[in-house]
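# Survey of secondary and tertiary structure
What follows is each chain in one-letter form.
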Amino acid sequence: MSPDLTAATEPVGTSGATDVVGPNEVATPSVVFDVRELAVYYGEFRAVRDVDLEVHQHEITAFIGPSGCGKSTVLRCFDRMNDLIEGARVDGRILYHGVDLYDPRIDPVEVRKRIGMVFQKPNPFPKSIYDNVAFGPRLAGRKKDLDDTVERALRRAALWDEVKDRLGRSAMGLSGGQQQRLCIARAIAVEPEVILMDEPCSALDPIATARIEDLMQELKVDYTILIVTHNMQQAARVSDRTAFFTTEVNSESDTRTGVLVEYDKTDKMFSAPSDERTENYITGRFG
Amino acid sequence: MRQHYTDELEQLALQVELMGVLVDENVERMQTVLETGDLTSAEAAIACDDRIDDMNVSLMERCYELLRREAPVAADLRLVVSVLRVTAELERIGDLSLRIAKLAPEHHLLVASPAAFGILGAMADHAVMQYREALRAWSTFDLAIAERVAAEPPVPLAGRTLIEALLDYEGHDAVMVSLRTMVAGQALDRIADHAAVLGARIRYLITGDPDHLAAEVR
């Protein structure tokens, strides 16, 4: 599958996409993202370097690491959110089903339709519950069956039973956990393939966190999920694969650059990691 | 960082070694009883086994506590789980040694067939050597020793030659001699086997290699 992510006015299609990748680089079907030598710069400052990893379909991939290790920066590359930051530049490649997301012909808006994002702090719009979920589909020009779309998204986000009698009420009246599930419903209403989650539970209590974690297990049947988390137990509980990032201090410039230390199946990472730095971090003996 | 936790894990490993030393004392008493029928050694072994059991319980409680409180991962997790598995083997080796020690009042039955008694002695030497190597693997976390102990095959012909020796024995007490000798022989065989399992458990603790975990199920 080679998705067409180009702007509607400039169709390139599958053959164009193949050109972008090259003939010998056909991705295996289960690989959604193939990241190669990714580096992110903010102006002159190199925030992350040398990230190579493959994200697999219908898996939950967790990014862990200390503050400033670049895990959120890398996550934001997957839906080109870094484009919105002035001076940000991405080197290397992120292939999405073999298509280079940073190819000049790719339309970032198309990318974000397929790759949804849920943020750390629940950020519902100050609108009704219904309008929050319907926002994306409306923006995409969908008018028919909007009620069905909203209901389906709310059901998928395990929120329907709690809000079905008050869809017209403000989303701001929901609890933090409900708001976060609403944001997940909003993300999946546009039927993306991938959901990115940037510390989705860090503002939630343990019960609400458990509900989101359960929800992630249900959602991975239909979606591919990438999650950044500070909670290592959460990564161990929910993810299939884990990437551990850390920071390297550049002594000359006294700056820090994030690097990917190790990427493997989660059970391997948490039972017998290959790299001593991973071992030291996850056992709490970092630094 | 997490110095208290790190200290606790070190203490845990050390306590297992101490339990292993207690078991070693009983393995030694077992060998003395086997050789001489010394009743004092047998009594000491019974008392020591209670201490081994107490240590086993105490170590289990500490493991539960660490799992609950610290949620250990990686090498720490392997250590805590390995402690549970290793102490179970140690406890078993202690019980098997005690089974032989308890034969002290009937030692005359064990020596009745010189041929069978000689085989028992060789089996005991092998079992004691295997156990001591396993204990050394734990206290040093030395992969080479652990692998050697894990790979040591049980003495395959010992059981059969023991039966052959007993069949050749024609004394009036042949049935009782055979029964008691077989109890001792089987216990020695099991001790060597549990020592090999210890080696395999320690090997996985050191390497974390899933193949090594799978290889334990033989």
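Please refer to the structure higher up on the page.
My aim in this report is to walk through the structure given alongside it, one point at a time. Keep in mind that what you see is a predicted model, and the values were worked out from it rather than measured.

## What to know about the overall build of chain B
Along the backbone of chain B there are nine helices and zero strands. The secondary structure elements of chain B, listed N-terminal to C-terminal, are α-α-α-α-α-α-α-α-α. Against the globule reference of 17 Å for 218 residues, chain B gives a C-alpha radius of gyration of 19 Å, in line with a compact fold. Taking the principal axes of its C-alpha atoms as reference, chain B extends roughly 70 × 35 × 20 Å. For chain B, contacts bridging at least 24 residues in sequence account for 80% of all contacts bridging at least 6. Of the roughly 10,300 Å² of accessible surface on chain B, 58% is carried by carbon and sulfur atoms. The distance from the centre of the 20 positive side-chain charges to the centre of the 36 negative ones in chain B is 5 Å.

## Brief notes about the interface of chain A and chain B
Facing eleven residues of chain A, the contacting portion of chain B comprises 13 residues. Around 1,000 Å² of area is buried between chain A and chain B when both sides are counted, 50% of it from carbon and sulfur atoms. Looking at the side of chain A facing chain B, the largest losses of area belong to S271, T283 and R285 of chain A, adding up to 42% of the total buried there. If you look at where chain A meets chain B, you find one salt bridge. For D76 of chain B, the salt bridge is made with R285 of chain A, and the minimal N-O distance between the two is 3.0 Å. There are six residue pairs in polar contact (both at pLDDT 80 or more) connecting chain A and chain B. When residues of the side of chain A that touches chain B are traced back to their parent elements, those giving at least two are α10 (266–271) and α11 (276–282) of chain A. Taken together, the residues of the side of chain A that touches chain B break down into five nonpolar, four polar and two charged.

## Examining a nonpolar patch on the surface
A cluster of nonpolar residues, V57, M60 and Y64 of chain B, forms a patch on the protein surface that exposes about 300 Å² of accessible area. Structurally, M60 of chain B can be placed in helix α2 (residues 39–70).

## Examining the packing of aromatic side chains
Per the counting criterion, the structure on display carries seven aromatic pairs over all chains. Note on F63 of chain A and F245 of chain A: the rings are 5.3 Å apart at their centroids and 65° apart in plane angle, and the pair reads as edge-to-face. Pair noted here: F63 of chain A is in strand β3 (residues 60–64) and F245 of chain A is in strand β9 (residues 241–250), with a separation of 182 residues, a long-range link. Accessibility expressed as a relative area gives 0% for F63 of chain A, which makes it buried. Between W138 of chain B and F141 of chain B the ring centres are 5.1 Å apart and the planes differ by 65°, which places this aromatic pair in the edge-to-face class. These aromatic residues form a ring-pair network of at least three members: F33, F63, F78, Y96 and F245 of chain A. Its end group placed over the ring of Y102 of chain A, R80 of chain A keeps NZ or CZ at 4.9 Å from the ring centre. Above the face of the Y41 of chain A ring, R89 of chain A is positioned so that its terminal group lies 4.3 Å from the ring centre.

Cut-offs and rules
- Residues numbered from 1 in each chain as written.
- Chains lettered and ligands numbered in written order.
- Predicted model: local features only at pLDDT ≥ 70, side-chain atom pairs only at ≥ 80, totals over all residues.
- Heavy atoms only, no water.
- Helix = DSSP H or I, 4+ residues; strand = E, 2+ residues; numbered from the N terminus.
- Rg over C-alpha atoms; globule rule 2.2 N^0.38 Å.
- Contact = heavy atoms within 4.5 Å.
- Areas by Shrake-Rupley, 256 points an atom, 1.4 Å probe, with all protein chains shown as cover.
- Lys, Arg positive; Asp, Glu negative; His and termini not counted.
- Charge placed at Lys NZ, Arg CZ, Asp CG, Glu CD.
- Buried area = accessible area lost by both parts, 1.4 Å probe.
- Salt bridge = Lys/Arg side-chain N within 4 Å of Asp/Glu carboxyl O.
- Polar contact = N/O pair within 3.5 Å; in protein donor to acceptor, adjacent residues only side chain to side chain.
- Nonpolar A, V, L, I, M, F, W, Y, C, P; charged D, E, K, R; others polar.
- Patch = residues over 30% accessible without salt bridge, like charges linked within 9 Å, V, L, I, M, F, W, Y side chains within 5 Å.
- Phe/Tyr/Trp six-rings, centres within 6.5 Å; stacked < 30°, edge-to-face > 60°.
- Buried < 20%, exposed > 50% of the residue type's maximum accessible area, 1.4 Å probe, protein only.
- Lys NZ or Arg CZ within 6 Å of the ring centre and 35° of its normal.

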